[in-house]
Amino acid sequence: MSEPRVDVLRLGHRKGRDPRITTHLALVARAFGANRFVLSGDKDQEMFDNLKSVDERFGRGLECQHVSSPIGWLRKFVENDAGDGLPGIAVHLTMYGEQFREAIPEIPKDRPIVIVVGGSKVPSEVFKLCQYNVSVGNQPHSEVAALGLFLDSWFSGESLNRKFENARLIIEPSASGKKVLDLDK
Ligand code: SAM
C-alpha cells in the first residue's frame, strides 16, 4: 500500500513581498518528502512556473495548487474529504503548540496529512480547525526551518532519501566540486 499523501498549506502568500521565502518553503516541502504544495493568499504563477521547472529538471515530486479560501479548504480536508474521499489530519506549525518530537508519535499515520504554516497573521480558526498545533521549539523563527525539521521527524530521519521520478539532472554527492549527470547530453 502506498504511503498517505503529505500536503503543505501555506497561508497568506503576498506576491510582492514573499516570493523568495514561499519558494524556499515549497522547495523544502518537495525535497523533504511532501507531495503537494497548496498556496493561499495571492496567486503567483511565476513562482509555480519556477517550481515546475525544478520538478522537470530534478524529478517529479511536487504538485502545486492555489486555493482562494484556505479556511474552507482546510475544513473540508479535516471534516469530509482530504482528496481521496476520507477526512484527513491537519497539523498547524506554531511556536505556541506542543513540542513536535512529543506530538508526532501521537499523530495518526494512516490518513493524508496537511501541514499548515502561517504567513504574516494566522487566523484563530486555524488553531481550532487543526487537530494538532505543534511547535518546533517555542521561540519565533522561520516557517522554512519549522517545516524541514517537522518533515524530517515525520519521516523518521529518512525524509531526504526520497526518490524523484523522471529526473533529467542527477547530482552525485562529491567532496570536491560539482558532479552532475545530465541525461539530456
Ligand atoms: N506573526 C505571525 C503570527 O501572528 O502568527 C507568525 C509569523 S512566523 C515568521 C511565520 C510562521 O512560521 C508561523 O505561522 C509558523 O507556521 C512558523 N513558525 C515560526 N516559528 C515557529 C516555531 N517555533 N514552531 C513552529 N512553527 C513556527
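### A word on the pairing of strand β3 (residues 63–66)
Reasoning step 1: Pairing of strand β2 (residues 36–41) with β3 involves four bridges; the strand directions are parallel. Bridge pairing in β3 links F37 to C64.
Reasoning step 2: Handedness of the crossover is the feature at issue here: the chain leaves β2, passes through helix α2 (residues 45–58), returns alongside β3, and the resulting connection is right-handed.

### A few points about the packing of aromatic side chains
Reasoning step 1: Under the criterion given, the structure shown has two aromatic pairs.
Reasoning step 2: With centroids separated by 6.0 Å and ring planes inclined at 15°, the aromatic side chains of F150 and W154 adopt a geometry described as stacked. With F150 and W154 both in helix α6 (residues 143–154) and four residues apart, the pair spans about one turn of that helix. The burial state of F150 is the same as that of W154; both residues are buried.
Reasoning step 3: The residue whose ring lies beneath K109 is W154, and the NZ or CZ to ring-centre distance is 4.3 Å.

### Re the nonpolar core
Reasoning step 1: Counting 32 residues, the largest nonpolar core has F37, V91, L93, I115, V134, L147 and F150 as its most contacted members.
Reasoning step 2: For this core, the element with the most residues is α6, which contributes six residues.
Reasoning step 3: Excluding residues within four positions of it along the chain, V134 makes contact with V91, H92, L93, T94, G97, E98, F100, A103 and F150.
Reasoning step 4: Counting 16 residues, the second largest nonpolar core, distinct from the first, contains L9, V67, L74 and A82.

### Notes on α2
Side chains three or four residues apart in an α-helix point the same way, a direct result of the helix having 3.6 residues per turn.
Reasoning step 1: An ideal rise of 1.5 Å per residue puts 20 Å on 14 residues; α2 measures up with 20 Å between its terminal C-alpha atoms.
Reasoning step 2: For α2, the set of buried residues is M47, F48, L51, V54 and D55. Projected down its long axis, α2 carries its buried residues within an arc of 115°, all on one side. Those residues of α2 that are exposed and aimed more than 90 degrees away from the buried face are Q45, E46 and K52.
Reasoning step 3: On its buried side, α2 packs onto β1 (6–13), α1 (19–31), β2 and β3.
Reasoning step 4: Positive backbone phi, at 115°, marks G59, one or two positions downstream of α2.

What counts, and where the lines are drawn
- Residues numbered from 1 in each chain as written.
- Predicted model: local features only at pLDDT ≥ 70, side-chain atom pairs only at ≥ 80, totals over all residues.
- Heavy atoms only, no water.
- Pairing = 2+ DSSP bridges.
- Helix = DSSP H or I, 4+ residues; strand = E, 2+ residues; numbered from the N terminus.
- Right-handed = clockwise from strand over helix to strand, strands pointing away.
- Phe/Tyr/Trp six-rings, centres within 6.5 Å; stacked < 30°, edge-to-face > 60°.
- Buried < 20%, exposed > 50% of the residue type's maximum accessible area, 1.4 Å probe, protein only.
- Lys NZ or Arg CZ within 6 Å of the ring centre and 35° of its normal.
- Core = buried A, V, L, I, M, F, W, Y, C linked by side-chain atoms within 4.5 Å.
- Contact = heavy atoms within 4.5 Å.
- Expected span 1.5 Å × (residues − 1).
- Arc of directions from axis to C-beta.

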